[in-house]
Amino acid sequence: LCMYTEQDKHDFENRNITEQQVEQQIEMFVNGFPFVELVRPATVGDGITSLSYNDMWSLGELHANTALSFGEYYAQTHPESKYQPKLVKFVPASGAASRMFKQLQEFREACLKDASAIHDSKHAAAAHFFSHLQQFAFFDELQAVLQKQGNSVETALKNKDYGIIIDALLSDDGLDYAALPKALLSFHKYDDRTHKAIEEHLTEAAHYSCSNGIASLHFTVSEEHRDKVKDFINSVLPHYEQRFNVKYDVSYSVQKPSTDTIAVDLDNKPFRTDDGRLLFRPGGHGALIDNLNDLDADIVFVKNIDNITTDDRRETTYHCFNLLAKFHDYVNSYRNQLLTLIEANNDTETLVQSVRTFMRQFGMQSACAELETVSDNKAALHKVLFQQLYRPIRICGMVKNEGEPGGGPFWTKDSNGMISLQIVESSQINFNDPIQK
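Here the structure is a predicted model, which means the values were calculated and not measured.

Participant: Any chance you could break down the overall build of the protein for me, citing the residues and the numbers?
Facilitator: Within the protein, the regular secondary structure consists of 16 helices and 14 strands. Projected onto the principal axes, the alpha-carbon positions of the protein cover approximately 80 × 65 × 45 Å. The buried share of the protein, reckoned over its 437 residues, is 41%. Put simply, the protein shows about 25500 Å² of open surface, and 49% of that area lies on carbon and sulfur atoms.

Written out as structure tokens, the structure reads:
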């Protein structure tokens, strides 16, 4: 066990974590993290549903050659309902941009000693950056900063003053991109203007998380950037509300300090800053599950801040997200019919068969197995049926595996032997096990 000061204990309390939780985190660093147990890959027909032309037609995707937004689709397919489901687009936007410029910062150190480092193969990314500089969305902003300093991009490149350009882009005397969140970077330039990453999400929300003329978004932001993000969004909202004839309902939350992880040194001892305080690091996107759970919404679209495209390529995005929501509505309606039968205490044998069909169709094999354990007790069986069905529905869109980085779909087994569908990252897999590999 580590010895903690009164200041440490005060910091734990402020983060809403206990000394025992910190010790458990350190123990994980010492012992390593358990790997996930893969059963088999999810494939079309075995965990993945491939929608046919007829499926998409019935879900309103091909009606009159126009894709209905989910709000329009719901109104048409539920004419008896006075209730429109509340839609929210959930965007993890707390990620800092510093990692995006890591290679530029490394080159900055090298070119201080020798500008010819640009020809070193390990700085190929920096060389590519400078040779394509005018194609970046932030080029005009960068040029303006340099001109204020009595310089220009062209002059700096001609004189091989690469450091001047990098400083103008990354330092707080310039655009300060190294300290900004990705949300506030200029990602695209078209229609004679630059578009910040966060603006592209405003555009998307107007097309698939809009109900009754209200486009709802929720951004998770870091505490130090919250005001900058809010001020920028407030400055551009009138433009987008007029453009798309909608009203925006934008909300924000901060990743909870209780999900942070203590930092350790190479000996797995708590790392301390120069002032003697313990250092904590924010968790990854999985830590946002609490923020997601706090949302008051019926359907939540999840999309990272930098997963965006431009206007001329956005139709595919609208098509896919609306289709996911419509497929969710299909699954949800099917599920609700079964819940109604359970509450009405209907004929058990027929009901169980219907629930089994539903579970097999939508990847709930372990839930099917649990039904067998209570099949002789009608009251217990109905309770299990209800518990298995009355919970959130997750619909994940899968793209073809073409060797790109990122998680993939697998059937996995947990420590209790329960099998379920999960999206698994490579870091979770034990590649030393030939079967798992």
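Continuing now.
Participant: Report on the packing of aromatic side chains, specifying residues and quantitative values.
Facilitator: Throughout the structure, instances matching the rule amount to 27 aromatic pairs. Look at F101 and Y177: their rings are 6.1 Å apart centre to centre, the planes differ by 45 degrees, and that puts the pair in the tilted class. Here Y177 lies in the loop between α9 (162-170) and β5 (186-190) and F101 lies in the loop between β4 (87-92) and α5 (102-113), a separation of 76 residues in the sequence. Y177 matches F101 in its accessibility class, with the two residues each being buried. Where F129 meets F136, the ring centres are 5.2 Å apart and the plane angle is 50 degrees; that geometry is what we call tilted. Among the residues examined, F129 registers a relative accessible area of 8% and is labelled buried. Residue F136 is classed as partly exposed on the basis of its relative accessible area of 30%. Joined through ring pairs, the aromatic side chains of F101, F107, F129, F130, F136, F138, Y162 and Y177 make up one cluster.

Participant: Explain the pattern of salt bridges to me, using residue names and the numbers behind them.
Facilitator: Applying the stated rule across the entire model yields 19 salt bridges. For D306, the salt bridge is made with K182, and the minimal N-O distance between the two is 3.1 Å. Taken together, the positions of D306 in the loop between β12 (299-302) and α13 (315-343) and K182 in the loop between α9 and β5 put the pair 124 residues apart, joining distant regions of the chain. Under the relative-accessibility criterion, D306 is labelled partly exposed at 31%.

Participant: Describe in detail the nonpolar core, supporting the description with residues and values.
Facilitator: Core analysis: the biggest nonpolar cluster contains 35 residues, and V355, F358, M359, L371, L385 and L389 have the highest contact counts within it. Every element with two or more residues in this core is listed here: α4 (70-77), β12, α13, α14 (348-361), α15 (365-373) and α16 (378-389). Among the elements that make up this core, the one with the highest residue count is α13 (ten residues). When residues no more than four places from it in sequence are discounted, the contact partners of L371 are V352, V355, R356, M359, L381, V384 and L385.

Participant: Please provide a residue-by-residue account of the pairing of strand β9 (residues 247-254), values included.
Facilitator: Relative to β9, strand β8 (residues 214-221) runs parallel, the two being bridged by eight bridges. Within β9, the position partnered with S216 by the bridge is D249. Taken together, β8, helix α11 (residues 226-244) and β9 form a β-α-β motif whose crossover is right-handed.

Participant: Please give an account of unusual backbone geometry that cites residues and values.
Facilitator: With a phi angle near 60 degrees, D176 is a residue other than glycine that sits in the positive phi range. Of note, D176 is situated in the loop between α9 and β5.

Participant: Quick one: what's the story with the packing of α13 against α14, residue by residue and with numbers?
Facilitator: At a minimum axis separation of 11 Å, α13 and α14 run at an interaxial angle of 155 degrees. Compared by their axis directions, α13 and α14 come out roughly antiparallel. For the pair α13 and α14, the crossing hand works out as left-handed. The segment α13 lies against α14, with Y330, V331, Y334, R335, L338, L341 and I342 engaging L351, S354, V355, T357, F358 and Q361. Of the residues belonging to the contact of α13 with α14, the class tally is nine nonpolar, three polar and one charged.

Participant: Give a detailed account of the sheet that holds strand β13 (residues 408-413), specifying residues and quantitative values.
Facilitator: One open sheet accounts for three strands, arranged β1-β13-β14; its pairing is antiparallel. With partners counted over all chains shown, the strands left at the sheet margins are β1 (37-41) and β14 (419-424), one partner each. The average undirected angle you get between the axes of adjacent strands in this sheet is 45 degrees. Judged from the four bridges that link them, β1 and β13 form a sheet pairing that is antiparallel. When the sheet's bridge partners are listed, E37 is paired in β13 with K413.

Participant: Any chance you could break down the state of the cysteines for me, citing the residues and the numbers?
Facilitator: Applying the stated criterion across every chain yields a total of zero disulfides. The structure places no disulfide on C210, whose sulfur is separated from the nearest cysteine sulfur, that of C320, by 19 Å. Take C396: it sits in no disulfide, and the sulfur closest to it among the cysteines is that of C320, at 14 Å. Under the relative-accessibility criterion, C396 is labelled partly exposed at 35%.

Conventions we followed
Residues numbered from 1 in each chain as written. Predicted model: local features only at pLDDT ≥ 70, side-chain atom pairs only at ≥ 80, totals over all residues. Heavy atoms only, no water. Helix = DSSP H or I, 4+ residues; strand = E, 2+ residues; numbered from the N terminus. Buried < 20%, exposed > 50% of the residue type's maximum accessible area, 1.4 Å probe, protein only. Areas by Shrake-Rupley, 256 points an atom, 1.4 Å probe, with all protein chains shown as cover. Phe/Tyr/Trp six-rings, centres within 6.5 Å; stacked < 30°, edge-to-face > 60°. Salt bridge = Lys/Arg side-chain N within 4 Å of Asp/Glu carboxyl O. Core = buried A, V, L, I, M, F, W, Y, C linked by side-chain atoms within 4.5 Å. Contact = heavy atoms within 4.5 Å. Pairing = 2+ DSSP bridges. Right-handed = clockwise from strand over helix to strand, strands pointing away. Axes fitted to C-alpha atoms, helices over the stretch in contact; angles between N-to-C directions. Parallel < 35°, antiparallel > 145°, perpendicular 65-115°, else oblique. Left-handed = near helix turned anticlockwise from the far one by under 90°. Nonpolar A, V, L, I, M, F, W, Y, C, P; charged D, E, K, R; others polar. Disulfide = S-S within 2.5 Å.

These values are about where atoms sit, not about what they do.
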